[in-house]
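Residue-level structure breakdown
Residue strings, one per chain:
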Amino acid sequence: MTDSKYFTTTKKGEIFELKAELNSDKKEKKKEAVKKVIASMTVGKDVSALFPDVVNCMQTDNLELKKLVYLYLMNYAKSQPDMAIMAVNTFVKDCEDPNPLIRALAVRTMGCIRVDKITEYLCEPLRKCLKDEDPYVRKTAAVCVAKLHDINAQLVEDQGFLDTLKDLISDSNPMVVANAVAALSEIAESHPSSNLLDLNPQSINKLLTALNECTEWGQIFILDCLANYTPKDDREAQSICERVTPRLSHANSAVVLSAVKVLMKFMEMLSKDLDYYGTLLKKLAPPLVTLLSAEPELQYVALRNINLIVQKRPEILKHEMKVFFVKYNDPIYVKLEKLDIMIRLASQANIAQVLAELKEYATEVDVDFVRKAVRAIGRCAIKVEQSAERCVSTLLDLIQTKVNYVVQEAIVVIKDIFRKYPNKYESVIATLCENLDSLDEPEARAAMIWIVGEYAERIDNADELLESFLEGFHDESTQVQLQLLTAIVKLFLKKPTETQELVQQVLSLATQDSDNPDLRDRGYIYWRLLSTDPVAAKEVVLAEKPLISEETDLIEPTLLDELICYIGTLASVYHKPPSAFVEGGRGVVHKSLPPRTASNESTESPETAPAGPPSGEQPDVIPAQGDLLGDLLNLDLGPPVSGPPLATSSVQMGAVDLLGGGLDSLIGGPNFVTPPAAAVPANLGAPMGSGLSDLFDLTSGVGTLSGSYVAPKAVWLPAMKAKGLEISGTFTRQVGSISMDLQLTNKALQVMTDFAIQFNRNSFGLAPAAPLQVHAPLSPNQTVEISLPLNTVGSVMKMEPLNNLQVAVKNNIDVFYFSTLYPLHILFVEDGKMERQMFLATWKDIPNENEAQFQIRDCPLNAEAASSRLQSSNIFTVAKRNVEGQDMLYQSLKLTNGIWVLAELRIQPGNPNFMLSLKCRAPEVSPHVCQAYETILKN
């Protein structure tokens, strides 16, 4: 009879009966009773009352009974720590048992009892087991060290277990080596700063020797460990690759993927001219293809990993296109992934084959799949120029089928083809217009409206077509409404006499009858442009559009390099770095591929930083009162958006702080952090008398203790313009947090309360991270100092100048507006240092026309001092060299929105004028970055 009988009993008074049976003299009866206890525990009954009775059963030679008792102990030790100490003696005894299985069982259970009180008693038994003569006991003890480290890291380090673990890497038994590597990797992961796995060529050699004899999981641990090693040169990389390659033919797919990860990483160091490089590429294809013959779930994981590999090295699978053709019985998630890879591998050589296949897919019954197939045809047209004509005719054939969803998808992709190849395929517009009535999906309707607006001069009845859309304007989705607004404005600029009524109608619908702020804003912008400067309107609305490229969905290069280091893990399936989905205190280490030694391929731009996650609670905002805010058309201030709140820190002082920076900046208290430099905000709201001389007058504010510069507070809103409220302020950045340091002075005769603040949309999304907190009413002649935390997750709109910030402050008297210029270097983030190789590749990659040259005059610093001062404001020196007596500093910085700026600073000793070259993909930020340089270096 099976053990299922133990799970069927539900008698009352069972605990009492079990207690009696556990204390029976008969061994068989004891064993039966323990089995019943375990069965009750498994189905969720509380049998903790039997703890002392079960622990008494530990004194036995019967291995099965011992296992059951240990299982019970692991489950209940946490809730009964005092009782669990009773079991310690038995552990110590069992660790010296002649039977290695019992010794291993004891040490394994010790690791699973997560009770702090007991851990110190277990150190001696564990020390003995780590040096046990039996490899089975040693391998179990190795894992136990990792578990113990998780409970009490300090104890493990004090007892010297980590050194013993390192010694086990040289063990004669491969399984012991694998477990030692697994334990060290686990510990190193939770303590990224500790250099536990200090790998060198000798230890790598031992690992590679053990690799051939391990179990499959042992091989995975060792391969993952090898992937974290950086060889000293390409010869060592090649030698490791040669010894790892046989793992590609392993039956376990996890071993194969781990081996692929090691090879992909070390290939970075091999020159493409080597014969071995070509051989390795050929060897990598078959195992990846073999993974696609497994069950669908494994296929999906393999395809997600192949997707990354193909983006990094398409040459590996360029001849294997047929493997990715879809089978009729593939699940949808496999089909879509195969489709994606087919497009990535599409080239002039195989495009005919791919198109024939995609056309076939477009007649399938699965709607989602058909849509993707039609989109794929469009992506092929954009990717392989020679095939564009064939793709367009295929799409036209599909439109002729009159299948609704096929037609709609085809129109969406044809819009992109027009963008990629202007003035080439416009002859098909007539066919598209015939299908206008059948479009019911927002994306397709928006695409068709875009086509009509863009080519209005070629379509005789363009105004009628757009008018037909306008009839149900309020029922359309926002996407369609925005597109329709732009298309009618384009039409008006191309045929002004015939469409004046139409444009007035759409502007009125967008601005007066709509609740959508985006639509209203765009309507007002067009309205103003058309009424004030039609020539400018033409330049803006009918501007030359940049050509689109096919690789819009490629993973950003630095992220791709990081994901290649995580092949075979969840990160490679999600296509996200672990930091994006792993929660908890564990430090997630950012991995990257080793630098290329033999060839210098250029790489793309560095990674853009993800925006911080928004949190729930919204700060108070200024109420939208029509009478206060006035007519929107006459205001330069749109409705500001507040970002999520951060922890607010407000400093309140009754008297005026004469020292400008608050007392903290002078005394340097226990939590004192030197803020990075901040440039000078423009005094836009100040009276005429206080010009720039006031702003640059450094005597009015005392700087912080280090070389980092914070501008003295300037008057942003004079009392005469704000009914007695005077606002002065400056911006600071400290340890990654941006704040606006405000000084509010009440120069009126009445008390001021109910303060709130809002920012208009701005170039970098600056927004208050918390409400403006003035804790007590502001009495006449009283001044209060407040530090308002800011974040950069607000709405974005390009301002002129770029660093212009429009602010609204409300109190119980009125709403007041002012503008100020924030210094750009409050947006320089702390992780702005780029790797040398990446710097070089990115510098080459950014077009020369994006380079801007500036001269910084009268700067008395040498190269060292300049570098150190800039670093305090998050401008990092990547490399330094001396050319013909000139010091050249190569520097990088990153803005909060992920834009990287690369700089070359030339300093001639004895010459106070520096030359600064800046390169950036968004060249409009360069003048402001130069201004930041000047402010930091001169203050």
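Here goes a summary of the coordinates provided.

Conventions we followed
Residues numbered from 1 in each chain as written. Predicted model: local features only at pLDDT ≥ 70, side-chain atom pairs only at ≥ 80, totals over all residues. Heavy atoms only, no water. Pairing = 2+ DSSP bridges. Helix = DSSP H or I, 4+ residues; strand = E, 2+ residues; numbered from the N terminus. Axes fitted to C-alpha atoms, helices over the stretch in contact; angles between N-to-C directions. Contact = heavy atoms within 4.5 Å. Core = buried A, V, L, I, M, F, W, Y, C linked by side-chain atoms within 4.5 Å. Buried < 20%, exposed > 50% of the residue type's maximum accessible area, 1.4 Å probe, protein only. Polar contact = N/O pair within 3.5 Å; in protein donor to acceptor, adjacent residues only side chain to side chain.

Let us look at the sheet that holds strand β13 (residues 914–920). Note on sheets: strands pair through backbone hydrogen bonds, and any given pair is parallel or antiparallel. The strand order β9-β13-β12-β11-β10 describes an open sheet built from five strands, whose pairing is antiparallel. Every other strand in the sheet has two partners, leaving β9 (851–856) and β10 (876–883) as the edge strands with one partner each. The mean inter-strand angle of the sheet, taken between neighbouring strand axes irrespective of direction, is 20°. Across six bridges, β9 lies against β13 in antiparallel orientation. Among the inter-strand pairings, I856 is bridged to a residue of β13, identified as F914. Contacts between helix α37 (residues 836–845) and the sheet are confined to β9, β10, β11 (886–894), β12 (900–907) and β13, with β12 contributing the most and set at about 95° to the helix.

Next up on the list: the nonpolar core. Formed by 214 residues in total, the largest nonpolar core has its most connected members in Y72, L126 and F418. Residues within four places of Y72 in sequence aside, it is in contact with V37, I38, M41, V47, S48, L50, F51 and V54. Formed by 64 residues, the second largest nonpolar core is a distinct cluster that contains L717, I738, F816 and L916.

Attention now moves to the environment of K29. Mapped onto the elements, K29 comes out in helix α2 (residues 27–42). Setting aside residues up to four positions removed in sequence, K29 forms contacts with E21 and S24.

Moving on, we come to the side chain of T783. Secondary-structure assignment places T783 in strand β6 (residues 783–791). In terms of polar contacts, T783 uses its side chain to reach the side chain of T745, at 3.2 Å.

This next bit is on the sheet that holds strand β3 (residues 737–746). Taken in spatial order, the five strands line up as β1-β2-β3-β6-β5 in an open sheet, and their pairing is antiparallel. Since the sheet does not close on itself, it has two edges, and those belong to β1 (714–717) and β5 (767–768), each with one partner.

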